[in-house]
Amino acid sequence: MSRKYTGENLDRIAYPLGGIGAGMICLDGTGAISNVSVRNQPNVFLEPCMFSALSVLGDSVSARVLEAPVPRWKAFGSPGTGNGLPDKTYGLPRFSGAEFQSRYPFASVDLQDHEHGPIEASLLGWSPFVLGDADSSSLPMAALEYQFANLTEEPVDAVYSFHSRNFMATGSPGAGVAAAPGGFVLQQASVEGKPWEQGAFCACVDDADVVVEHKWFRGGWFDSLTMAWNAVAAGKVVANPPVSEGDASPGGSLYVPFRLEAGQVKTITLMLCWYVPHSELQIGESCGCASCDQPKPTHSPWYAGQYADIQAVAATWRADYHQLRAEAMNFTDCFFDSTLPDTALEAVEANLSILKSPTILRQTDGRIWAWEGCCDSTGCCHGSCTHVWNYAQALPNLFPELERTMRETEFQVNQDERGHQNFRAWLPIRTPDHSFHAAADGQLGGIIKLYRDWRISGDKAWLRSLWPKAKASLNYCIELWDPDHLGVTVEPHHNTYDIEFWGADGMCSSIYLGALKAAERMGAACGDAEPLYSELLNKGLAYLDEQLYNGEYYTQKVQWRDLKATQAMLNTYGYSPEAQAILEIEGPKYQYGTGCLSDGVIGFWMAQAAGLGMVGDADRVKSHLASIYRYNLKHDLSKHANPQRPTFALGDEGGLLLCSWPNGGKPQLPFVYSDEVWTGIEYQVASHCIMNGLVDEGLDIVQTCRDRYDGRKRNPYNEYECGHWYARAMASYTLLQALTGACYDAVTKVLALHPAIQGDFRGFLSTAYGYGTVGVKDGLPFMDVVQGPIEINRIDYIPV
C-alpha cells in the first residue's frame, strides 16, 4: 500500500508528470502545478499563475481554488518572496486540507473541506506510461482528472474553470493565446535568430459544454488575475475569441458549467500538452563534420520529429486518451499486485519519477541522452555519465530498447580506435574528442551492462554488432589499469567520486572482475573466446581475497610508487605545499585505504543484477555487506562530522555513509564525498544485502533512506544528489529483483526464481517482451503474464 501524505507532509511533494525525455510538469501534494519544465531543461522554481477553481452556485457563490493551503515555505523563503509574490495565486481561497497518494504513474489529491460544502472534490494526475511502447511513453502530455460528488439530497449547480497566464511568452513578439478544440493554446512564436523561443502549451477539456476565454483582461498591476478571479467568484462563464490584432492576450481560461443531481459524481478531464521543438542545448566543441566549420548543432526532442505542431500533439492526446490511460492503469495494477514490503515498493515507485524528469532527454532519432541530475534551471553533469548510470536499473528493465541506445552511444560513438571511451557524451550525440582520461568504473561497467542488455533482449545480432568494440574497450582497460595482468585495477583510475584511486581497490576491481566474467560469456557466444579473460578473472579473485580482504571487508592497497603513471597524473588535482607534506606520509589525496567502502564490492552487485550470478567469494562478499551495515549505517547523524555536502542527510536523520574507518587509518584528505549519504548507494547496498541473505539489514537501509523523504523536509519523488531527480537513485529498482530473485533470460528463456523471501509471495517482473506477476503460491513457482507474450521454457526455482 502506498504511503498517504497529509498536513505538513504535503509541503514538499512535487510529482513529475510528462514523457520520457519530453519535459515535465509536477503535481504538488496540495494539487497545485509546479516545476514546469517544458522547454527542454529544468525549471524547478517555475510555478506559473495557473490554477483550477470550483464555483458552487446558489443564493451566494462559494468559490475556491482546487488546492489545499499553500505551504509556508512557498509564501516566504523561496525565490522572490521578499516582494510579496505578485502574479501568484496564493491569496485566493482554497480547500482546508488534502490527502496525497501515488500509484505510479498516477497520483491522487483528495481535497478536504472543513466547511462541509455540498460538493466533494478530488483530482487524479497521470501521464502516459506503456511498457513495450517507448514512443507512447515519451509523449509531452499530462492529465488532471477532477472529480466532483454531490453529497446532498438536492441538485447543485457549479462551474469548474481552469486559468493560466501565458508563461510560454518570452518577452519577444509573437506571444498570444490561440484556439484549440475544447480549450486554448499558450504560445510564443519563433524569433529570427532564436528558434528556441518557439513554444506552445495546450489546455483543453473533454466536455462538450466547455466555454473558452482566449483573451484575459489587459491592464496594469494585478488587473488580469483580479478580473479572472472576479469571474470565478461570481460563478460566471466567460467567452472571448482569440485576439486577432493589437496587444496579445496575457492568458486564457476555460469554463465548464454543470449540474449534479443528488449523489451524482462527475469527472472533468483537463488534458495538458506542450510542444517546444528547438533548444539552445549543446555540449561539445565541434559540429561533428569533418571540417568543423559549421554551427554547433543543438538538441531537439524526440516528439518534435513525430509531430508538426501543438495541434497535432493535442489531437493525439484527445484521440488516444482512453487507450493510453487503460494501458498505464494495467501497469499500475500489476505493479501493486504485490506482497513485497511496502518500504521497498515505495522506494522503487518513487524513483520511477526520474524517468519523467528533465534528467532524461530523448533525441529526434530516438536515442537517450541524460544528465546525472537537474540543477534548478539547467541539467547537472552532462553526458549519460557511464559510472553514474551503472547504478540505474529501471530503464533497462522497463524500456530496454531505450537503454540499448546508451550502449550504442558508448561503444559506437564515444569510443575511439584505441578503445578509450569518453564517459560523457556530447549533445546532440556525435563523435567527441578524447582529451580526458577514461573512467574505470564507467567503462568497465559498460561491459557488464552490455551483457545485461543482451540477456534482457535475447538479441544475439545486436550483441555481435557491439562485441568487437566491447572487446577493444576491455583490452584498453586491461593495458591501462592492469598492465601487469594481476586481475585488479592498480594504475590510477578515475571513478564516480570524481578522483583517481591509486592502487588496487575492491570497488573498481570488483567491476573489473564482473566485466571479465561478462566478456568470457559474450566472447564464447560470438565465437571469439579470449583465454586471457579467464586467467585474469581467477588471478583477480585470488588477489582480492589474499591482499584486500581484512577478515571483515575488502579494502584498498594504496600505491603510488613503482607504477607506470606519470607525476603529471598525480598532480591532476594540484598539490599545495601542505598537500605535498601529506603525500609524503600518506600517499595521494582522496583515497580510502583501510576504510569500509559502501561501494566496495559494487561490481559483484552489478554482476548479480545482470544475471551473471555470484562472481566473488560468497562468504566474504556477505561479510563485506554485513560490515557496511554495521559500520556505515547511522540512524542518527547528529554526532557525525561531514565537512563536504551535508544536506543529503544531517542532524537526527539517518543514512548510509559512503565510507567509514572502523579500524582507524582514515586519511587526512579522504576521497571527496566520503562523509556524505547518497540514496543510489543506499539502494545498491540494500539490494545487494538482500540478494545475499541480509534481508532485514537491507530493508533497514531502505527505510532509513525513505524516512528522510517524508514530504515535510524533502520531496518523496525527488531523491537528489548532484542535482534533483538524480539518476543513481534508480538503483532502487533492483530491490524487486533482490526480494523476488526473479531474473528472466531472453537468450535461454529461463526464468530464474531465487527469492530472498520465505514462503508464498507475489511481485512485479518486467521483461523486454512483456510483464506480469511472479512468485510462489502454495510452495510452487508461477508467472502470471499480464502483457506479453513471454516465452518461458523453464522456471529455475530455488527457495530460500
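Here, every reference points to the structure presented above.
Bear in mind the structure is a predicted one, so any value in this text is a computation, not a measurement.

Peer 1: Account for the overall build of the protein chain, with residues named and values stated.
Peer 2: Helices and strands together make up the secondary structure of the protein chain, namely 17 helices and 33 strands. A globule of 800 residues ought to have a C-alpha radius of gyration of about 28 Å, and the protein chain, at 28 Å, matches this closely. When its C-alpha atoms are laid out on the principal axes, the protein chain stretches across 85 × 70 × 55 Å. With 800 residues in all, the protein chain has 61% of them scored as buried. Partitioning the contacts of the protein chain with sequence separation of at least 6, the portion at a separation of at least 24 is 70%. In the form shown here, the protein chain has an accessible surface area of approximately 28,400 Å², with 50% of it arising from carbon and sulfur atoms. Averaged over its 59 positive side-chain charges, the protein chain has a centre that lies 2 Å from the centre of its 92 negative ones.

Peer 1: Could you give an account of helix 8 (residues 460-481), with specific residues and numbers?
Peer 2: Helix length check: helix 8, at 22 residues, gives a terminal C-alpha distance of 30 Å against a target of 32 Å (1.5 Å per residue), a fit within 8%. Residue Leu-466 marks the point of greatest curvature in helix 8, where the axis turns by about 45°; the proline Pro-468 follows within four residues. Every buried residue of helix 8 is listed here: Trp-462, Leu-463, Leu-466, Trp-467, Ala-470, Lys-471, Ser-473, Leu-474, Tyr-476, Cys-477, Ile-478 and Trp-481. In the core, the buried residues of helix 8 are packed alongside helix 6 (400-413), helix 7 (440-457), strand 22 (493-494), helix 9 (506-525) and helix 10 (531-548).

Peer 1: I'd love a proper account of the packing of helix 13 (residues 602-609) against helix 15 (residues 679-691), names of residues and values included.
Peer 2: Where helix 13 contacts helix 15, the two axes come as close as 10 Å, and the packing angle between them is 65°. The orientation of helix 13 relative to helix 15 falls into the category roughly perpendicular. Crossing angle aside, the handedness with which helix 13 passes helix 15 is left-handed. Packed against helix 13, whose contacting residues are Ile-602, Phe-604, Trp-605, Gln-608 and Ala-609, the element helix 15 presents Gln-684, Ser-687, His-688 and Met-691 at the interface. Grouping the constituent residues of the contact of helix 13 with helix 15 by class yields 5 nonpolar, 4 polar and no charged.

Peer 1: So what about the pattern of salt bridges? Which residues, and what values?
Peer 2: Scanning the entire structure with this criterion turns up 35 salt bridges. Between Asp-365 and Arg-367 there is a salt bridge, with the nearest N and O atoms lying 2.9 Å from each other. You can call Arg-367 partly exposed: its relative accessible area is 21%. Here Glu-403 makes a salt bridge to Arg-452, at a shortest N to O gap of 3.1 Å. Highlighted residues: Glu-403 in helix 6 and Arg-452 in helix 7, separated in sequence by 49 residues.

Peer 1: So, unusual backbone geometry: which residues are in play, and what are the values?
Peer 2: Among all residues except glycine, the phi angle is most often negative; among peptide bonds, the trans geometry is most common. The omega torsion across Tyr-104 and Pro-105 is 0°, close enough to zero to call that bond cis. Backbone torsion omega between Gly-788 and Pro-789 reads 10°, so that peptide bond is classified as cis. Along the polypeptide, Pro-789 turns up in the loop between strand 32 (780-787) and strand 33 (794-797). Phi at Tyr-673 is positive, roughly 80°, even though this residue is not glycine. Among the structural elements, Tyr-673 can be located in the loop between strand 27 (659-660) and helix 15. For Tyr-673, a relative accessible area of 17% translates into the label buried.

Peer 1: Describe the environment of Ser-534, listing the residues and the values that go with them.
Peer 2: Along the chain, Ser-534 turns up in helix 10. On the basis of relative accessibility, which here comes to 27%, the residue Ser-534 falls in the partly exposed class. Distance from Ser-534 to Asn-692, taken between C-alpha atoms, is 24 Å for residues 158 residues apart in sequence.

Peer 1: Before we move on, could you go through empty space enclosed by the protein and cite the residues and values that matter?
Peer 2: Applying the stated criterion to the full structure yields 10 cavities of 30 Å³ or more. Empty space within the largest cavity amounts to approximately 80 Å³. In this structure, the largest cavity is lined by 12 residues; those nearest its centre are Trp-502, Leu-570, Tyr-573, Tyr-575 and Lys-589. Residues of the lining of the largest cavity, tallied by class, amount to 8 nonpolar, 2 polar and 2 charged.

Peer 1: An account of the sheet that holds strand 15 (residues 211-213) is requested, with residue identities and associated values reported.
Peer 2: The antiparallel open sheet is built from 5 strands, whose spatial order is 6-5-11-16-15. Strands with a single pairing partner mark the edges of an open sheet, and in this sheet they are strand 6 (62-65) and strand 15. If you compare each strand with its neighbour and ignore which way they point, the axes differ by 20° on average. Sheet analysis places strand 5 (residues 50-56) next to strand 6, joined by 4 bridges and oriented antiparallel. Residue Ala-53 lies in a different strand from strand 6, and its bridge partner there is Val-65.

Peer 1: Hey, could you go over the side chain of His-387 for me, with residue numbers and the actual values?
Peer 2: With respect to the helices, strands and loops of the structure, His-387 is situated in the loop between strand 21 (379-380) and helix 5 (394-398). The buried category is assigned to His-387, whose relative accessible area is 1%. There is a polar contact of 3.5 Å between the side chain of His-387 and the side chain of Asp-441.

Peer 1: Account for the environment of Thr-378, naming residues and giving values.
Peer 2: Within the secondary structure, Thr-378 is located in the loop between strand 20 (373-374) and strand 21. Judged by its relative accessible area of 35%, Thr-378 is partly exposed. C-alpha of Thr-378 to C-alpha of Glu-403: the two residues are 25 residues apart in sequence and 23 Å apart in space.

Peer 1: Give a description of the environment of Asn-230 that names residues and reports values.
Peer 2: The topology assignment puts Asn-230 in helix 2 (residues 223-234). With 167 residues separating them in the primary sequence, Asn-230 and Ala-63 have C-alpha atoms 10.0 Å apart.

Peer 1: Give me the lowdown on the nonpolar core, citing residues and values where you can.
Peer 2: Phe-148, Tyr-160 and Tyr-497 are the most contacted members of the largest nonpolar core, which totals 238 residues. Ranked by residues supplied to this core, first place goes to helix 9 with 11 residues. For Phe-148, the residues in contact, after removing those within four places along its chain, are Leu-54, Leu-66, Ile-119, Glu-120, Ala-121, Tyr-160, Phe-258, Leu-260, Gln-264, Val-265, Lys-266 and Ile-268. Residues Trp-369, Ala-425, Trp-426 and Leu-427 belong to the second largest nonpolar core, which totals 10 residues.

Parameters at a glance
- Residues numbered from 1 in each chain as written.
- Predicted model: local features only at pLDDT ≥ 70, side-chain atom pairs only at ≥ 80, totals over all residues.
- Heavy atoms only, no water.
- Helix = DSSP H or I, 4+ residues; strand = E, 2+ residues; numbered from the N terminus.
- Rg over C-alpha atoms; globule rule 2.2 N^0.38 Å.
- Buried < 20%, exposed > 50% of the residue type's maximum accessible area, 1.4 Å probe, protein only.
- Contact = heavy atoms within 4.5 Å.
- Areas by Shrake-Rupley, 256 points an atom, 1.4 Å probe, with all protein chains shown as cover.
- Lys, Arg positive; Asp, Glu negative; His and termini not counted.
- Charge placed at Lys NZ, Arg CZ, Asp CG, Glu CD.
- Expected span 1.5 Å × (residues − 1).
- Bend = angle between axes of the 7 residues up to and from the residue.
- Axes fitted to C-alpha atoms, helices over the stretch in contact; angles between N-to-C directions.
- Parallel < 35°, antiparallel > 145°, perpendicular 65-115°, else oblique.
- Left-handed = near helix turned anticlockwise from the far one by under 90°.
- Nonpolar A, V, L, I, M, F, W, Y, C, P; charged D, E, K, R; others polar.
- Salt bridge = Lys/Arg side-chain N within 4 Å of Asp/Glu carboxyl O.
- 1 Å grid on protein atoms, 1.4 Å probe; cavity = no way out; pocket = protein on both sides within 12 Å on 5 of 7 lines; lining within 4 Å.
- Points joined across faces, edges and corners; volume = space filled by probe spheres on them.
- Pairing = 2+ DSSP bridges.
- Polar contact = N/O pair within 3.5 Å; in protein donor to acceptor, adjacent residues only side chain to side chain.
- Core = buried A, V, L, I, M, F, W, Y, C linked by side-chain atoms within 4.5 Å.

Honestly, it's all geometry; don't read function into it.
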